[in-house]
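# Descriptive structure summary
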Amino acid sequence: QSQVAQLKNTQKRFQAQQLQYDKFLLEQDTIAYSDILCEHVLWYQANMIVNGPKYGTSFYIFVQEYFENTQDFEVRQQHFITPLHKFEDKQMEVVLYNKSYTVQFVSASRGCNTSGAYDVTFAVNGHNEYIVRDIEFDAENVNYVCLDEIDGATSARIKA
């Protein structure tokens, strides 16, 4: 077999390995975005917005239990303490498996259901809107959470 044929075979093998690796990374990005960022991180933030910072403790515990390697998930400490709508820019940076996501609070509104639960909308990386639905307000939090602030943030968005 000629040297050129050997090089072509080696190149094909490495291309196949790279294709498998690229597919693996794409699957990991999908898992990171859908399963972790949207299903967990945004759920905790939505609950912090509606029910106050007590959900930040749960958020912190989730991160500690889910991520053995602390470099796999990075967020500023204040985002475990303060709900996103309290920040001037209403956003946070999340680094998940070395990929950066900018999460911004967009609005919170009463959903269409009869229970009066809130639907909380976020924008991810400036364009992908994700809605966390049916966040129930816990009446025990009435002294800690001002729902007018949430409704005010929504009203401000609608006026803008």
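Residues numbered from 1 in each chain as written. Predicted model: local features only at pLDDT ≥ 70, side-chain atom pairs only at ≥ 80, totals over all residues. Heavy atoms only, no water.

## A look at the packing of aromatic side chains
Note the threshold: Paired rings are identified among Phe, Tyr and Trp, the last through its six-membered ring, by centres lying within 6.5 Å, and are further divided according to the angle between planes into stacked (under 30 degrees), edge-to-face (over 60) and tilted (the rest). Working definition: helices are DSSP H or I runs of at least four residues, strands are E runs of at least two. Numbering for both runs from the N terminus. Each residue's exposure class comes from its accessible area (1.4 Å probe, protein chains only) as a fraction of the maximum for that residue type: buried when under 20%, exposed when over 50%, partly exposed otherwise. A ring has a charge above it when a Lys NZ or an Arg CZ is no more than 6 Å from the ring centre and no more than 35 degrees off the ring normal.
In the structure shown here, the tally under the stated rule is 13 aromatic pairs. When the centroid spacing of 5.6 Å and the interplanar angle of 20° are considered together, the rings of Tyr44 and Phe59 count as stacked. Here the residue Tyr44 occupies a position in helix α1 (residues 3-51), and Phe59 occupies one in helix α2 (residues 54-66), the gap between them amounting to 15 residues. Where Phe59 meets Phe73, the ring centres are 6.2 Å apart and the plane angle is 85°; that geometry is what we call edge-to-face. Of this pair, Phe59 sits in helix α2 while Phe73 sits in strand β1 (residues 73-74); the two residues are 14 residues apart in sequence, bridging distant segments of the chain. The exposure classification of Phe59 matches that of Phe73, with both residues buried. An aromatic cluster of at least three residues, connected via ring pairs, comprises Trp43, Tyr44, Tyr55, Phe59, Tyr60, Phe62, Tyr66, Phe67, Phe73, Phe80 and Tyr97. Over the ring of Phe14 we find Arg13, and its NZ or CZ is 5.5 Å from the ring centre.

## Observations concerning a nonpolar patch on the surface
To keep it simple, the criterion reads: Like charges are joined within 9 Å and nonpolar side chains (Val, Leu, Ile, Met, Phe, Trp, Tyr) within 5 Å, but only among residues with over 30% relative accessible area and no salt bridge; these make up the patches. The accessible surface values rely on the Shrake-Rupley method and a 1.4 Å probe; as for residues, cover is taken only from the protein chains in view. In what follows, salt bridge is the name for a side-chain nitrogen of Lys or Arg lying within 4 Å of a carboxyl oxygen of Asp or Glu.
A surface patch of nonpolar side chains, about 290 Å² in accessible area, is lined by Tyr21, Phe24 and Leu25. Note on placement: Phe24 falls in helix α1.

## Concerning unusual backbone geometry
In this model, Lys90 sits at a positive phi of 55°, which is unusual for a non-glycine residue. For Lys90, the location among the structural elements is in the loop between β1 and β2 (91-96). Residue Lys90 is classed as partly exposed on the basis of its relative accessible area of 26%. Notably, Asn98 is not glycine yet its phi reads approximately 70°, a positive angle. Along the chain, Asn98 turns up in the loop between β2 and β3 (99-110). Relative accessible area serves as the criterion here: at 72%, Asn98 is assigned to the exposed category.

## Quick word on the confidence of the model for the chain
Threshold: Each residue carries a pLDDT value, the predictor's own confidence for that position, ranging from 0 to 100. Between two residues, a contact is recorded if the distance between any of their heavy atoms is within 4.5 Å.
Summing up the model confidence of the chain, the mean pLDDT is 83 and the portion of residues at 70 or higher is 87%. Here residues 152-160 is a poorly scored stretch, pLDDT under 50, and it has eight contacts once near neighbours within four places are set aside; other chains count.

## Describing the packing of α1 against α2
Our working rule: To define axes, lines are fitted to C-alpha atoms, for helices over the stretch in contact only, and angles between the resulting N-to-C directions are given on a 0 to 180 degree scale. Oblique is the label for every angle not falling under 35 degrees (roughly parallel), over 145 degrees (roughly antiparallel), or within 65 to 115 degrees (roughly perpendicular). All amino acids are sorted into three groups, where Ala, Val, Leu, Ile, Met, Phe, Trp, Tyr, Cys and Pro are nonpolar, Asp, Glu, Lys and Arg are charged, and the leftover types, Gly among them, are polar.
Where α1 meets α2, the axes come as close as 7 Å, and the angle between the chain directions of the two elements is 160°. By the angle class used here, α1 and α2 are roughly antiparallel. Contacts between α1 and α2 pair Ile36, His40, Val41, Trp43, Tyr44, Gln45, Asn47, Met48 and Asn51 from the former with Lys54, Tyr55, Gly56, Ser58, Phe59, Phe62 and Tyr66 from the latter. Classifying every residue of the contact of α1 with α2 gives nine nonpolar, six polar and one charged.

## Observations concerning α1
The test is simple: A helix is expected to span 1.5 Å for every residue after the first. The reported bend at a residue is simply the angle between two axes, fitted to the 7 residues ending at it and to the 7 residues beginning with it.
When the terminal C-alpha atoms of α1 are compared, their 68 Å separation across 49 residues agrees well with the 72 Å that a helix rising 1.5 Å per residue should span. Where α1 bends most, at Leu37, the angle is about 45°. Positioned one or two residues after α1, Gly52 has a phi angle of 95°, which is positive.

## A few points about the pairing of strand β5 (residues 128-135)
Test applied: Pairing between two strands requires that DSSP report at least two bridges joining them.
As judged from the six bridges shared by strand β4 (residues 118-124) and β5, these two strands associate in the antiparallel manner. Note that in β5 the partner of Ala123 across the bridge is Glu129. Count of turn residues in the β4/β5 antiparallel hairpin: three residues, of which Asn125 carries a positive phi of about 55°.

## Comments concerning α2
So the rule is basically this: Starting at the helix axis, one direction is taken to each C-beta atom, and the arc is that of these directions.
Helix length check: α2, at 13 residues, gives a terminal C-alpha distance of 19 Å against a target of 18 Å (1.5 Å per residue), a fit within 8%. All buried positions along α2 are accounted for by Gly56, Phe59, Phe62 and Val63. All buried residues of α2 fall inside an arc of 115° around its axis, so they share one side. Contact partners of the buried residues in α2: α1 and β1.

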